[in-house]
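# Inside the fold
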Amino acid sequence: MPSLGIDVGGANLKVANSDGDFRIIHLPIWKRLGELEDTLRRIEEEFDPDIVGVVMTAELSDVFESKRKGVLEVAGIVRRVFDPVFFDLNGNFRSYEEVEKNPEMFMASNWVASCEFLLKEGWRKFLFADMGSTTTDLIPVTDGIEAGKTDYERLKRGELLYFGVLRTPVFYILPQFDAPLSSEFFSISGDVFVVTGDIRPEDYICETPDGKGRDLESCMRRLARCVCADLEEVGREYVSEMARAFKEEMLKRLEMGIRRLADRYDLKIVLGCGIGEFLLKVAAEMAGLEYVSLSEIYGEVANVFPAYAIARLLHNRYILSTKPIFDDR
């Protein structure tokens, strides 16, 4: 049986097997943590994996008193369904008992899996870029991974950009248009990219701010609210211009982040994946770098690349190698 990789995120549960079959399930942990176990049981029934590897970022959700407690709770839920192994920040597979001893080593470990897999595929000296619904990882890799080990460190170093394709409040990226934008939670980046035509309404898988539709008209109405207006008041062209301005500003921030890290580590290539590839490619080219699309190499499973990377790493070690899973390198 193919091995299975599970990436338990704060907003989405992502799973992929080593054959490239994958699922993205919107599951906001901060309000639906109680559904995680049943969802995992359905995954177990559907995929019937021989072995399961786990990474997570869900521990940051404020449903947990601390990230430490978040790791322990998420790992415990997964263990009730599977007999999993967990991938740590040093790139090793570990047992559940090791998670209990040192949960800090398993916080936000998904990007490590992606980079370790790419290193084993033979890539060297690249900037790994993964843009999802909520955040963007920019990980410099030379002969090894150069990034900070915690989200806090990576935020300070520009290796974690806290914006993404679906869930970013519009005012966070575009605080000013022809008027200052309201800081109310009226509209998010999913609205913007439906209006710009970069995503389809069916790609907008998270909740909308007002709980209403994901069609073009609904997205435009939410964007108009950002300047305390109705759509009829400011017009469709005005809202379209606002969406384009948001996209341009996000691209500028991406380009700046990519250029800064590429210059620091003398990197010439960006390996990009995630649902935000359409932005990463443009930003990398704006920075004068070569862009390599991981979706063109691995297919659509690159939208859940950390889960796929874990599945492949585990498959190569457990199925194709005689080495024990927990043997440190």
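This text goes with the structure placed above it.
Analysis parameters
Residues numbered from 1 in each chain as written. Predicted model: local features only at pLDDT ≥ 70, side-chain atom pairs only at ≥ 80, totals over all residues. Heavy atoms only, no water. Helix = DSSP H or I, 4+ residues; strand = E, 2+ residues; numbered from the N terminus. Expected span 1.5 Å × (residues − 1). Buried < 20%, exposed > 50% of the residue type's maximum accessible area, 1.4 Å probe, protein only. Contact = heavy atoms within 4.5 Å. Phe/Tyr/Trp six-rings, centres within 6.5 Å; stacked < 30°, edge-to-face > 60°. Lys NZ or Arg CZ within 6 Å of the ring centre and 35° of its normal.

## Overview of helix 3 (residues 67-81)
- Helix length check: helix 3 (15 residues) gives 22 Å between terminal C-alpha atoms against 21 Å at 1.5 Å per residue, within 8%.
- Restricting attention to buried positions, one finds in helix 3 the residues Gly 70, Val 71, Val 74, Ala 75, Gly 76, Ile 77, Val 78 and Val 81.
- Check the buried side of helix 3 and you find it contacts strand 1 (4-8), helix 2 (36-47), strand 4 (52-56), strand 5 (85-87) and helix 4 (96-101).

## Here's the deal with helix 9 (residues 216-225)
- Buried within helix 9 are the following residues: Ser 218, Cys 219, Met 220, Arg 222, Leu 223 and Ala 224.
- Looking at the packing, one finds that the buried side of helix 9 touches helix 7 (170-173), helix 8 (189-195), helix 10 (231-234) and helix 11 (236-265).

## Quick look at the packing of aromatic side chains
- Here the structure, examined in full by the defined rule, presents twelve aromatic pairs.
- Ring centres of Phe 117 and Tyr 308 lie 6.1 Å apart, and the angle between their planes is 75°; on these two criteria the pair is classed as edge-to-face. Taken together, the positions of Phe 117 in helix 5 (residues 110-120) and Tyr 308 in helix 14 (residues 305-319) put the pair 191 residues apart, joining distant regions of the chain. Tyr 308 matches Phe 117 in its accessibility class, with the two residues each being buried.
- Note on Phe 128 and Phe 305: the rings are 6.2 Å apart at their centroids and 35° apart in plane angle, and the pair reads as tilted. Highlighted residues: Phe 128 in strand 7 (residues 126-131) and Phe 305 in helix 14, separated in sequence by 177 residues.
- Aromatic rings pair up to connect Phe 117, Phe 128, Tyr 298, Phe 305 and Tyr 308 into one cluster.
- Over the ring of Tyr 204 we find Arg 214; its NZ or CZ atom is 5.7 Å from the centre of that ring.

Nothing here speaks to function; it is geometry throughout.
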